[in-house]
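Observations on the three-dimensional arrangement
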Amino acid sequence: MIKRGTLIIGTAIALVVGSAGVSAAIADTGSPHVSPAIRQGDTSFYSQEQIPAAWTAATAAVPEPLPAGATYPKEAPPLLFGDGTSNNIYEQGLPEELATRWWRCAWIEYSQSGTAARDGKTAEVQKKLAKWKSFTAVEEFDGLQGYEEKMSALAQRLDESPLAAEFRLDCGPDVYNTGSEK
Amino acid sequence: MKNWRNRFSLAGCALALSAALIVTLSTPAAAATASISGKISACGVNQYYSTGRVNSLNQNAVTFKATSLGPCGSGSLSLGLRASSGVASSFAKTTVTNTSSVFRFKATNGASYISGGTFYLTASSPGACGGSCGSFTGTLTYSVPAG
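The rules we used
- Residues numbered from 1 in each chain as written.
- Chains lettered and ligands numbered in written order.
- Predicted model: local features only at pLDDT ≥ 70, side-chain atom pairs only at ≥ 80, totals over all residues.
- Helix = DSSP H or I, 4+ residues; strand = E, 2+ residues; numbered from the N terminus.
- Buried ≥ 20, exposed ≤ 12 C-beta atoms within 10 Å, placed from the backbone.
- Contact = placed C-beta atoms within 7 Å.
- Axes fitted to C-alpha atoms, helices over the stretch in contact; angles between N-to-C directions.
- Parallel < 35°, antiparallel > 145°, perpendicular 65-115°, else oblique.
- Left-handed = near helix turned anticlockwise from the far one by under 90°.
- Nonpolar A, V, L, I, M, F, W, Y, C, P; charged D, E, K, R; others polar.
- Pairing = 2+ DSSP bridges.
- Core = buried A, V, L, I, M, F, W, Y, C linked by C-beta atoms within 7 Å.
- pLDDT = per-residue confidence, 0-100.

1. Digging into the overall build of chain B
Of regular secondary structure, chain B possesses one helix and nine strands. Starting at the N terminus, the α and β elements of chain B follow one another as α-β-β-β-β-β-β-β-β-β. Looking at the 147 residues of chain B, the share that counts as buried comes to 40%. The contacts in chain B between residues at least 6 apart in sequence include a share of 77% that link residues at least 24 apart.

If you want it as structure tokens, here you go:
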């Protein structure tokens, strides 16, 4: 009886210690961080060489999951390779915002493909897309305030549905690269 | 007398409405401005800024008016626009050479307008090499009907 109790306590301690170790490992590797190499006054920039790591960190930091079956590309979008030379630097926040843009485009594609409607998930897609503007990487930019309203107005002028117009105009291959899956 | 008063007030209302309509129609509702400032630290380096902005018209004009330009080198500032798509109309450039003119971005495919949607600003300066040489400030105006 004593032995059984000892065994139970020992197992419990082992589980607690073990799970703490796993948590620490997730905390250490789950949120990779890249410090921009170039600093100019209050502004920081990633070098071209830092972009692959910055892209990986940015996609890991997107707070909501992609639609089922979708994965972020291993390579950063072409916009983060500038003009193809190494003489490009990128303000901190651009890879992060483009990762959330990639997320948004994936949900729009899921919605536009008809899969969401077939799976009865149209309302879920709308809820997901509504969260985008509250992501930190989006929220801190004044230029994107009222984004959905502006895109809706543009879609109306183009006689397209808002999501169809947005996908065509803002999910082009320089931002929404779907070629090289992880 | 009462009828004349009514007629005058009706005419006054009509005039006021017409004036309001003219003002509404002549002011580009979607036009937006942003104060821009930056510092270019190295010669020939293209800097990509993180703020996405939205051109909310189908065909837009985008301009930049500098209030200050770095004092060193050639003093010119090359600004560019990048969007989500590789189509040429998404790329536009302008070279800012003084603080007295308004410089309009030109699409590199020769189109007279910039397409709608989100764009990002880029900046470089061939004559700016370190320190405060490449600093610039100015006003970016976008979502203006291209005419």
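2. What to know about the overall build of chain A
Summing up its helical and strand segments, chain A has eight helices and three strands in all. From first element to last, N terminus to C terminus, chain A shows the α and β order α-β-β-α-β-α-α-α-α-α-α. Considering chain A as a whole, with its 182 residues, one finds that 33% of them fall into the buried category. A separation of at least 24 residues holds for 69% of the contacts in chain A among residues at least 6 apart in sequence.

3. Some details on the packing of helix 3 (residues 94-112) of chain A against helix 8 (residues 162-170) of chain A
All names here are of chain A. Orientation of helix 3 relative to helix 8, taken along the N-to-C sense of each, is 130°, at an axis distance of 10 Å. Our classification of the angle between helix 3 and helix 8 gives oblique. As helix 3 packs across helix 8, the resulting crossing turns out to be left-handed. Residues Cys105, Ile108, Glu109, Ser111 and Gln112 of helix 3 form the contact with helix 8, whose own contacting residues are Leu163, Ala164, Glu166 and Phe167. A class-by-class count of the residues in the contact of helix 3 with helix 8 yields five nonpolar, two polar and two charged.

4. Here we look at the interface of chain A and chain B
Facing 33 residues of chain A, the contacting portion of chain B comprises 26 residues. If you list the elements that add at least two residues to the side of chain A that touches chain B, you get strand 3 (88-91), helix 3, helix 7 (147-158) and helix 8 of chain A. With seven residues, helix 7 of chain A is the single largest residue contributor to the side of chain A that touches chain B. Of the strand pairs in this sheet, strand 3 of chain A and strand 2 (residues 46-48) of chain B are connected by three bridges, and their pairing is parallel. Across the sheet, residue Tyr90(A) finds its bridge partner in strand 2 of chain B, namely Tyr48(B).

5. Some thoughts on the packing of helix 2 (residues 51-61) of chain A against helix 3 of chain A
Residue and element names in this part refer to chain A. Contact geometry for helix 2 and helix 3: axes closest at 8 Å, N-to-C directions at 50°. Between helix 2 and helix 3, the angle falls in the class oblique. Along this stretch, helix 2 crosses helix 3, giving a crossing that reads as right-handed. Mapping the contact onto sequence places Ile51, Ala54, Trp55, Ala58, Thr59 and Ala61 in helix 2 and Pro95, Glu96 and Ala99 in helix 3. When grouped by side-chain class, the residues that make up the contact of helix 2 with helix 3 number seven nonpolar, one polar and one charged.

6. Regarding the nonpolar core
One finds Tyr90(A), Trp102(A) and Leu81(B) to be the most contacted residues of the largest nonpolar core, which totals 57 residues. Each residue touching Tyr90(A), except ones within four places of it in the same chain, is listed here: Phe45(A), Tyr46(A), Ile51(A), Leu80(A), Pro95(A) and Tyr48(B). Among the nonpolar cores identified, the runner-up in size contains twelve residues, and Trp132(A), Ala137(A), Val138(A) and Ala165(A) belong to it.

7. Looking at the pairing of strand 8 (residues 114-124) of chain B
Residue and element names in this part refer to chain B. With respect to burial, strand 8 is a largely interior element, eleven of its eleven residues being buried. In this sheet, strand 8 lies alongside strand 2 in antiparallel orientation, the contact comprising two bridges. What sits directly across from Tyr48, in strand 8, is Thr122. Taken together, the five bridges between strand 3 (residues 53-69) and strand 8 define a ladder with antiparallel strand orientation.

8. Quick notes on the environment of Thr136(A)
As for its placement among the helices and strands, Thr136(A) is situated in helix 6 (residues 136-139). In sequence terms Thr136(A) and Gln48(A) are 88 residues apart; their C-alpha atoms lie 23 Å from each other.

9. Details of unusual backbone geometry
Residue and element names in this part refer to chain A. Although it is not a glycine, Asp159 sits at a positive phi angle of roughly 60°. Looking at the element boundaries, Asp159 is found in the loop between helix 7 and helix 8. On the neighbour-count criterion, Asp159 (7 C-beta atoms within 10 Å) is exposed.

10. Brief notes about the confidence of the model for chain B
All names here are of chain B. Considering every residue of chain B, the mean pLDDT works out to 78; 69% of them sit at 70 or more. Low pLDDT, under 50, characterises residues 19-27; the predicted model gives this stretch zero contacts beyond four residues in sequence or across chains. This complex was scored by the predictor with a pTM of 0.79 and an ipTM of 0.79.

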